[in-house]
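Coordinate analysis (summary)
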Amino acid sequence: QVQLVESGGELVQPGGPLRLSCAASRSISNIYSMGWYRQAPGKQRELVATITSGGSTSYADSVKGRFTISRDNAKSTVYLQMNSLKPEDTAVYYCNARSSRIITVTTMNYWGQGTRVTVSS
């Protein structure tokens, strides 16, 4: 089991930067992937970015070049640095931990409670 707690969400102006943090209750060094998802009002939850234990990253097309996911294993924390924020980035952002590359009935997924990001002038 791993508990995830997100923080850093707030109201920001378009174009501004914001960094979200996801603190895990135990080491994340052996977790296959950590990721950030978001859900805007009336929309499905969507993948934003992921980072594997080996350091490989992936991003949704909508955030490529603007967002950067990183991890600090010593602090058991994953970050999402968001730059050039747009109003369409407004959503509740959720931290995720997945135990394996291939999703099966034994794959463990853990979710944080979410942190709200509002991009508005």
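Going by the structure above, here's the rest.
Since we're looking at a predicted model, the values are computed, not measured. (Residues numbered from 1 in each chain as written. Predicted model: local features only at pLDDT ≥ 70, side-chain atom pairs only at ≥ 80, totals over all residues. Heavy atoms only, no water.)

**Topic: the layout of surface pockets**
Condition: Using a grid of 1 Å spacing that covers the protein atoms alone, one calls a set of points a cavity when a 1.4 Å probe fits there but cannot get out, and a pocket when the set is open and has protein on both sides within 12 Å along at least five of seven lines; lining residues are those with an atom within 4 Å of a point. Grid points are joined across faces, edges and corners, and a volume is the space filled by probe spheres set on the points. Classification used: nonpolar for Ala, Val, Leu, Ile, Met, Phe, Trp, Tyr, Cys and Pro, charged for Asp, Glu, Lys and Arg, polar for all others including Gly.
Estimated volume of the largest pocket: approximately 190 Å³. Forming the walls of the largest pocket are 13 residues, and the residues nearest its centre are Arg38, Lys43, Glu46, Glu88 and Asp89. Classifying every residue of the lining of the largest pocket gives two nonpolar, four polar and seven charged.

**Let's talk about the packing of aromatic side chains**
Note the following rule: Aromatic rings from Phe, Tyr and Trp, taking only the six-membered ring of Trp, are treated as a pair when their centres fall within 6.5 Å; an angle between ring planes under 30 degrees marks them as stacked, one over 60 as edge-to-face, and anything in between as tilted. Runs of E in the DSSP output that reach at least two residues are strands. Runs of H or I that reach at least four are helices, and both are numbered from the N terminus. Lysine NZ or arginine CZ positioned within 6 Å of the ring centre and within 35 degrees of the ring normal marks a charge as sitting over the ring.
Applying the stated criterion across every chain yields a total of one aromatic pair. On the basis of an interplanar angle of 65° and a centroid distance of 5.0 Å, the ring pair of Tyr37 and Trp111 is categorised as edge-to-face. Highlighted residues: Tyr37 in strand S4 (residues 33-39) and Trp111 in strand S10 (residues 109-111), separated in sequence by 74 residues. In this arrangement the basic side chain of Arg45 is found over the ring face of Tyr94, its NZ or CZ atom lying 4.0 Å from the centre. The ring of Trp111 carries Arg45 above its face, with NZ or CZ at 4.6 Å from the centroid.

**Things to note about the nonpolar core**
Going by this rule: We define the nonpolar core as a collection of buried residues of types Ala, Val, Leu, Ile, Met, Phe, Trp, Tyr and Cys that are connected through side-chain atoms lying within 4.5 Å of one another. Only protein chains enter the accessibility calculation, which uses a 1.4 Å probe. A residue is then buried if its area is under 20% of the maximum for its type, exposed if over 50%, and partly exposed in between.
Counting residues in hydrophobic clusters, the biggest one holds 30 residues, and the most contacted among them are Leu4, Met34, Trp36, Leu80, Met82 and Tyr93. Elements supplying a minimum of two residues to this core: strand S3 (18-24), S4, strand S5 (46-52), strand S7 (67-72), strand S8 (77-82), strand S9 (91-98) and strand S11 (115-119).

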